Amino acid sequence: MTLPKTRLTEALGCRYPIIQTAMGWVSDANLVIATTNAGGFGFLAGATIDAADLEGEIERVISSTGGSNFGLNFHMFQENAQQCVDLAIKYRLKAVSYGRGPDKETISRFKEAGVLCIPTVGALKHAVKAIELGADMITIQGAEGGGHTGGVPSTILLPQVLDAVSVPVIAAGGYSTG
Ligand SMILES: Cc1cc2nc3c(=O)[nH]c(=O)nc-3n(C[C@H](O)[C@H](O)[C@H](O)COP(=O)(O)O)c2cc1C
């Protein structure tokens, strides 16, 4: 399958504009390695990987894919949030994703390290706020993605956010075909 080069593939350095999301207890190093090697962009599920194992999982992806072209997902409310921030910067991962996100200062640290900030939002106002804080891209997740980011359907949220921001927008929440 040939897919076009997009702002997303150029920014993330992957072959296909397809993101393998962070799924708790699913998106471990094995999945991220497979995604990266297949040309997509993978996120490690930092919210559920044991703190003691996290650095090892990151190193495993780096050694099996030859670089840091993948991301780490975490939320600021988790106990080891600071560890996630520090490891993403230490290993210069290509991106971080999050729901409850870091403050402006932490986002500046990511930006200085070249780590792209890609929050997941379920409402227009959260997208606007995320951009104010420095997000490089936005993932919209409509209610069809399980509803835990809110009740706005993907088909409404996507055009709302596309109209409001100029950064690349990644669509999630119930999509099953191109
Ligand atoms: C099994 C499973 C686990 C998930 N765990 C996380 C998680 O740890 N962190 C997170 O930000 N999102 C998590 N999500 C949400 C996904 O990142 C994504 O936003 C959602 O799957 C989008 O909906 P779609 O798969 O219908 O496109 C999870 C989704 C699934 C299906």
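Predicted, not measured: the structure shown is a model, and the values here were computed from it.

A.B. asks: It is not clear to me how the state of the cysteines should be interpreted in this structure. Could you clarify?
C.D. replies: As used in these notes, a disulfide is a covalent bond between sulfur atoms, one from each of two cysteines. This model, assessed by the stated rule, comprises zero disulfides. Residue C14 stays outside any disulfide, its sulfur separated by 17 Å from that of C117, the closest cysteine. No disulfide involves C84; its sulfur sits 13 Å from the nearest other cysteine sulfur, which is in C117. Take C84: its relative accessible area is 0%, and that puts it in the buried class.

A.B. asks: So what exactly am I meant to see when it comes to the site of the ligand here?
C.D. replies: Residues in close proximity to the ligand include T21, A22, M23, G24, N73, H75, Q141, G145, H148, A172, G173 and G174, which together make up its full environment. A22 places a main-chain nitrogen or oxygen 3.4 Å from a nitrogen atom of the ligand. A distance of 2.9 Å separates a nitrogen atom of the ligand from a polar atom in the side chain of N73. When the free accessible area of the ligand is taken as 610 Å², the share hidden by the protein chains comes to 67%. Under a 2 Å grid-point criterion requiring more than half of the atoms, the pocket assigned to the ligand is the largest pocket. Residues of the shell around the ligand, tallied by class, amount to three nonpolar, nine polar and no charged.

A.B. asks: Is there a simple way to explain the side chain of T139 in this structure?
C.D. replies: By secondary structure assignment, the location of T139 is in strand β6 (residues 138–141). Taking the relative accessible area as the measure of exposure, T139 reaches 13% and is therefore buried.

A.B. asks: Is there a simple way to explain unusual backbone geometry in this structure?
C.D. replies: Glycine aside, residues mostly have negative phi angles, and peptide bonds mostly take the trans form. The backbone of W25 shows a phi angle near 65°, a positive value even though the residue is not glycine. Relative to the elements of secondary structure, W25 occurs in the loop between β1 (19–20) and α2 (29–38). For W25, a relative accessible area of 76% corresponds to the exposed category. Not every positive phi belongs to a glycine, and R92 is a case in point at roughly 45°. Tracing the backbone through its elements, the reader meets R92 in the loop between α4 (81–90) and β4 (95–98).

A.B. asks: Can you help me understand the sheet that holds strand β7 (residues 169–172) in this one?
C.D. replies: Judged by pairing direction, the sheet is parallel, and its seven strands sit side by side in the order β1-β2-β3-β4-β5-β6-β7 without closing on themselves. Sheet topology places β1 and β7 at the edges, where each strand pairs with a single neighbour. As paired elements, strand β3 (residues 71–74) and β4 share four bridges and run parallel to each other. Each residue of the ladder has a partner; that of L72, found in β4, is V96.

A.B. asks: How do you make sense of the environment of A171 when you look at a structure like this?
C.D. replies: Relative to the elements of secondary structure, A171 occurs in strand β7. When the C-alpha atoms of A171 and I140 are compared, they prove to be 5.3 Å apart, with 31 residues separating the residues in sequence. The residues contacting A171, other than those within four sequence positions of it, are I140 and L158.

Analysis parameters
- Residues numbered from 1 in each chain as written.
- Predicted model: local features only at pLDDT ≥ 70, side-chain atom pairs only at ≥ 80, totals over all residues.
- Heavy atoms only, no water.
- Disulfide = S-S within 2.5 Å.
- Buried < 20%, exposed > 50% of the residue type's maximum accessible area, 1.4 Å probe, protein only.
- Near = heavy atom within 4 Å.
- Polar contact = N/O pair within 3.5 Å; in protein donor to acceptor, adjacent residues only side chain to side chain.
- Areas by Shrake-Rupley, 256 points an atom, 1.4 Å probe, with all protein chains shown as cover.
- 1 Å grid on protein atoms, 1.4 Å probe; cavity = no way out; pocket = protein on both sides within 12 Å on 5 of 7 lines; lining within 4 Å.
- Sits in = over half its atoms within 2 Å of the grid points.
- Nonpolar A, V, L, I, M, F, W, Y, C, P; charged D, E, K, R; others polar.
- Helix = DSSP H or I, 4+ residues; strand = E, 2+ residues; numbered from the N terminus.
- Pairing = 2+ DSSP bridges.
- Contact = heavy atoms within 4.5 Å.

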